[in-house]
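Structural features, examined
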Amino acid sequence: MPNVKIPVTIAQLQKWKQQKKTIAALTAADYAIAKLLDKAGVDLILVGDSLAMVALGHKNTLPVTLDDMIYHAQAVGRGVENALLIVDLPFLSYQVSPEDAMRSAGRIFKETDARGIKLEGGYPEMVVTIRKLVQAGMPVMGHVGLTPQSVHRIGYRVQGATPDAAAEILDQAKALVEAGIFALLLENIPAELAAKITALIPIPTIGIGAGKECDGQILVTHDVLGLSDYAPPFARQYADLQNVITEAVQHYCQDIRDKS
Ligand code: KIV
């Protein structure tokens, strides 16, 4: 019998939390990388707005547009067969009003193969927006802790480091769960706080710089493969593709110039 792989579903992520199977997630911005990640067995592929920096060369995630995200998500979608495909809503495509959020999220579901969206923030207005998106049938992943779309207010510092800040993140996590998110991304918060949230909430937590007790882990693929100009200290690098590519291209140039 052929080895038929069944695509990862949101329901499966919930089951894995109960079974304590850790979710392996990575980002992708194009077809070629998405196809490799999917074949290698990544459970969840995020078209993250970090593509603004790693794929488009911007200084932060703010310039990327909804059209950019859809364009990249369509390419990634063509390479994904098994992983759960999630797409970020970019800065200012959902903060102004729940109606804006609904239209932006709706475009992602209409124009790409996304099976969920992610948006940043757990403050009360965002909880209201997320509840409306979920009620309209759109699976939402939350994102608290370091939220890069707020870089000009909070920087890239660890969040939740004081007791008050930790309590606020915990409250946000609970409110987002109550609003109906299917998973929660925890970015750059103390490991003890991430472990506490993971133990407390019934849905999977996916950590990035948040310790090993989360239900899953995600990193930016360009950081993992050594393709980024800058990678955060918590991002473990598994390959040095900058060197591999530079050497391969130098070799190619040499062959051309040698007429070989
Ligand atoms: O955009 C992104 O890459 C993210 C990371 C936190 C995974 O949201």
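Scroll up to find the structure this text is about.
Everything quoted here is computed from the prediction, not taken from an experiment. (Residues numbered from 1 in each chain as written. Predicted model: local features only at pLDDT ≥ 70, side-chain atom pairs only at ≥ 80, totals over all residues. Heavy atoms only, no water.)

1. Here we look at the pairing of strand β7 (residues 205–208)
This is how the line gets drawn: The cut-offs for exposure are 20% and 50% of the maximum accessible area for each residue type, with area from a 1.4 Å probe on protein chains only; residues under the lower value are buried, those over the upper are exposed, and the others partly exposed. Only runs of H or I of at least four residues qualify as helices and only runs of E of at least two qualify as strands under DSSP, and these elements are numbered from the N terminus. In this analysis, strands are considered paired if DSSP registers two or more bridges between them. Crossovers are described as right-handed under a simple rule: with the strands pointing away from the observer, the path leading from the first strand over the helix to the second runs clockwise.
Taking every second residue as pointing to the same face, both faces of β7 are buried, with Thr205 and Gly207 on one and Ile206 and Ile208 on the other. As judged from the 4 bridges shared by strand β6 (residues 183–187) and β7, these two strands associate in the parallel manner. Across the sheet, the residue bridging to Glu187 is Ile208, located in β7. In this view, the connection linking β6 to its parallel neighbour β7 by way of helix α9 (residues 191–200) has right-handed handedness. The pairing of β7 with strand β8 (residues 216–219) spans 2 bridges and is classified as parallel. Counted as the bridge partner of Gly207 is Gln217 from β8.

2. Section: the side chain of Thr61
Defined as follows: In what follows, a contact means two residues having at least one pair of non-hydrogen atoms within 4.5 Å.
Mapped onto the secondary structure, Thr61 falls in the loop between α3 (51–54) and α4 (66–79). In this structure Thr61 comes out as buried when scored by relative accessible area, which is 2%. Among residues more than four places away in sequence, those in contact with Thr61 are Asp49, Ser50, Ala52, Met53, Pro148 and Gln149.

3. Quick notes on the packing of helix α2 (residues 31–40) against α4
Defined as follows: Working convention: axes come from line fits to C-alpha atoms, limited for helices to the stretch in contact. Angles between N-to-C directions cover 0 to 180 degrees. Throughout this description, any angle smaller than 35 degrees is read as roughly parallel, any larger than 145 degrees as roughly antiparallel, any in the 65 to 115 degree range as roughly perpendicular, and the remainder as oblique. Handedness of each helix crossing follows the sense of rotation of the near helix against the far helix: counterclockwise by less than a right angle gives left-handed, clockwise gives right-handed. Gly falls in the polar group here, along with every residue not listed as nonpolar (Ala, Val, Leu, Ile, Met, Phe, Trp, Tyr, Cys, Pro) or charged (Asp, Glu, Lys, Arg).
Packing of α2 against α4 leaves a shortest axis separation of 7 Å and a crossing angle of 40°. Classified by the interaxial angle, the pair formed by α2 and α4 is oblique. Here the hand of the crossing between α2 and α4 comes out right-handed. Note on element contacts: α4 touches α2 through Ala75, Val76, Arg78 and Gly79, opposite Tyr31, Ala34, Lys35 and Asp38. Here the residues of the contact of α2 with α4 are counted per class, giving 4 nonpolar, 1 polar and 3 charged.

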